[in-house]
Amino acid sequence: MFTISVEQITALNAHFSKSSVDCSRNSKDKSKYSGLQKICLSIAEANKCILRTIRIFESMIDHHGPKTEETLNACGMNNSCLKMVIPKIIPSQFFRSLANNLQSRLFTMQASRVGTRDNNLFKDQYNILLSDLDMLDPKTWPDKFDFQHGDASLRRLAKQFQVDEISSVRGFREFKEIKDHSNISDLKPLLTAVNTVAISSCACERSFSAMNNILTPKRNALSSKHLCSLLFINCVGPPVKLFIPSPYIHTWISNGRRIADEVCCPKRKN
């Protein structure tokens, strides 16, 4: 179990922000840190981004973008493009395929290893979840609404994320009144549960790669606790110069352990 202070979180955010625009890093490294800054993207926001991209691809089926037009014009002027071994790609089919592939990769309430027999049921459940999550956004509320507007959605969300239903609904009613949830303690457990749902497996894949670099054949005696600590530092840890060791040093000394310049050491027990 890890405990992170506000200062450490601030240092992490500063590290990611500086690394994403650091000229000394290559584009691959900068894009990695830039992606980490968007890790707080919620399920509803991610779903909207994917749907927006699908609509763009569907629009490009009939109305090609500038790069597609540039490629078609270049191939039209240079007949050598037609003599290549690589088969010619029809733009309309290409963009239709992209849209269909993205459509099939939309989020669902169904595990990937489960059959698709009840696919419509899982799709309906996911659509209900998205509708319920929209209730947490004041922009989706009508100008005039009943004071119990959205309470049913909050009850379903509380049951889905296994948080206290009564306090969540009470906090949501306060949220509807002041339209600011930053200081509503009753609503924080639900918002925290919603915002911690992973929308991508990239963080998982990155962690597995980091673990393989740490747990090598010559370094195979690490305990699970130490491996987790090293993995956490490797994946999200800031540079050493931003690390604040003082709290850990005080804890070490207060537990009866020796400091680095200790002279009178107790006799070691056999």
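Residues numbered from 1 in each chain as written. Predicted model: local features only at pLDDT ≥ 70, side-chain atom pairs only at ≥ 80, totals over all residues. Heavy atoms only, no water.

- Under an unreviewed UniProt entry, the name given to the protein is HAT C-terminal dimerisation domain-containing protein, and the source organism is Aphis glycines.

### Some words on the overall build of the protein
And then number 1: Scanning the protein from terminus to terminus reveals 12 helices and 0 strands.
And then number 2: Beginning at the N terminus, the succession of helices and strands in the protein can be written as α-α-α-α-α-α-α-α-α-α-α-α.
And then number 3: Counting all 270 residues of the protein, 21% fall into the buried class.
And then number 4: Within the protein, contacts between residues at least 6 apart in sequence are counted, and of these 52% link residues at least 24 apart.
And then number 5: Working note: accessible area of the protein is about 20,600 Å², and carbon and sulfur atoms make up 56% of it. (Helix = DSSP H or I, 4+ residues; strand = E, 2+ residues; numbered from the N terminus. Buried < 20%, exposed > 50% of the residue type's maximum accessible area, 1.4 Å probe, protein only. Contact = heavy atoms within 4.5 Å. Areas by Shrake-Rupley, 256 points an atom, 1.4 Å probe, with all protein chains shown as cover.)

### As for the confidence of the model for the protein
And then number 1: Per-residue confidence for the protein gives a mean pLDDT of 77, with 75% of residues at or over 70.
And then number 2: For the protein, the element scoring lowest by mean pLDDT is helix H2 (residues 27-36), at 60; helix H7 (residues 151-160) scores highest, at 92.
And then number 3: With pLDDT under 50 throughout, residues 1-6 is counted as low confidence; its partners more than four residues away or in other chains account for 6 contacts.
And then number 4: Predicted confidence for residues 113-117 stays below pLDDT 50, and this span has 2 contacts to residues more than four positions away or in other chains. (pLDDT = per-residue confidence, 0-100.)

### A few points about the packing of aromatic side chains
And then number 1: Applying the stated criterion across every chain, the model contains 6 aromatic pairs.
And then number 2: Pairing Trp141 with Phe145 gives two aromatic rings, centres 5.9 Å apart and planes at 65°, and the pair type is edge-to-face.
And then number 3: Residue Trp141 is classed as buried on the basis of its relative accessible area, which comes to 7%.
And then number 4: Taking the relative accessible area as the measure of exposure, Phe145 reaches 27% and is therefore partly exposed.
And then number 5: Here the aromatic cluster, defined as three or more aromatic residues joined through ring pairs, consists of Trp141, Phe145, Phe172 and Phe175.
And then number 6: A cation sits over an aromatic face here: Lys176 above Phe147, 5.4 Å from the ring centre. (Phe/Tyr/Trp six-rings, centres within 6.5 Å; stacked < 30°, edge-to-face > 60°. Lys NZ or Arg CZ within 6 Å of the ring centre and 35° of its normal.)

### Description of the pattern of salt bridges
And then number 1: By the definition in use, this model includes 5 salt bridges.
And then number 2: Its salt-bridge partner being Arg155, residue Glu165 comes within 3.4 Å of it at the nearest N-O pair. In this pair, Glu165 sits in helix H8 (residues 165-178) while Arg155 sits in helix H7, placing the two residues 10 residues apart along the sequence.
And then number 3: What you see here is one network of salt bridges that share partners, running through Asp151, Arg173 and Lys176. (Salt bridge = Lys/Arg side-chain N within 4 Å of Asp/Glu carboxyl O.)

### Observations regarding unusual backbone geometry
And then number 1: Phi at Gln162 is positive, roughly 55°, even though this residue is not glycine.
And then number 2: The residue Lys179 is not glycine, and still its phi comes out positive at about 60°.
And then number 3: Following the sequence through the fold, Lys179 ends up in the loop between H8 and helix H9 (188-195).

### Considering the nonpolar core
Grouped burial of nonpolar side chains is what soluble globular proteins tend to show.
And then number 1: Leu133, Leu154, Leu187 and Leu190 are the most contacted members of the largest nonpolar core, which has 23 residues in total.
And then number 2: Among the secondary structure elements, those contributing two or more residues to this core are helix H3 (43-60), helix H6 (119-134), H7, H8 and H9.
And then number 3: Excluding its chain neighbours within four sequence positions, the residues that come into contact with Leu187 are Leu154, Ser168, Gly171, Phe172, Phe175 and His181. (Core = buried A, V, L, I, M, F, W, Y, C linked by side-chain atoms within 4.5 Å.)

### Concerning the packing of helix H10 (residues 202-214) against helix H11 (residues 224-236)
And then number 1: The interhelical angle for the contact between H10 and H11, taken along N-to-C directions, is 120°, at an axis separation of 10 Å. Considered as vectors, H10 and H11 are oriented oblique to each other. Once H10 is placed against H11, the crossing between them reads as right-handed. Contacts between H10 and H11 involve Ser207, Ala210, Met211 and Ile214 on the former and, on the latter, Leu227, Leu230, Leu231, Asn234 and Cys235.
And then number 2: Looking at the contact of H10 with H11, its residues break down into 7 nonpolar, 2 polar and no charged. (Axes fitted to C-alpha atoms, helices over the stretch in contact; angles between N-to-C directions. Parallel < 35°, antiparallel > 145°, perpendicular 65-115°, else oblique. Left-handed = near helix turned anticlockwise from the far one by under 90°. Nonpolar A, V, L, I, M, F, W, Y, C, P; charged D, E, K, R; others polar.)

### Overview of a nonpolar patch on the surface
And then number 1: A cluster of nonpolar residues, Ile249, Trp252, Ile253 and Ile259, forms a patch on the protein surface that exposes about 360 Å² of accessible area.
And then number 2: Looking at where Ile259 falls in the secondary structure, it is placed in the segment after helix H12 (246-254). (Patch = residues over 30% accessible without salt bridge, like charges linked within 9 Å, V, L, I, M, F, W, Y side chains within 5 Å.)

### Quick word on the environment of Val169
And then number 1: In this fold, Val169 is placed in helix H8.
And then number 2: A relative accessible area of 5% means that Val169 is categorised as buried.
And then number 3: Taking the C-alpha atoms as reference points, Val169 and Leu154, 15 residues apart in sequence, are found 6.2 Å from one another.
And then number 4: Not counting the four nearest positions on each side in its chain, Val169 is found in contact with Asp151, Leu154 and Arg155.

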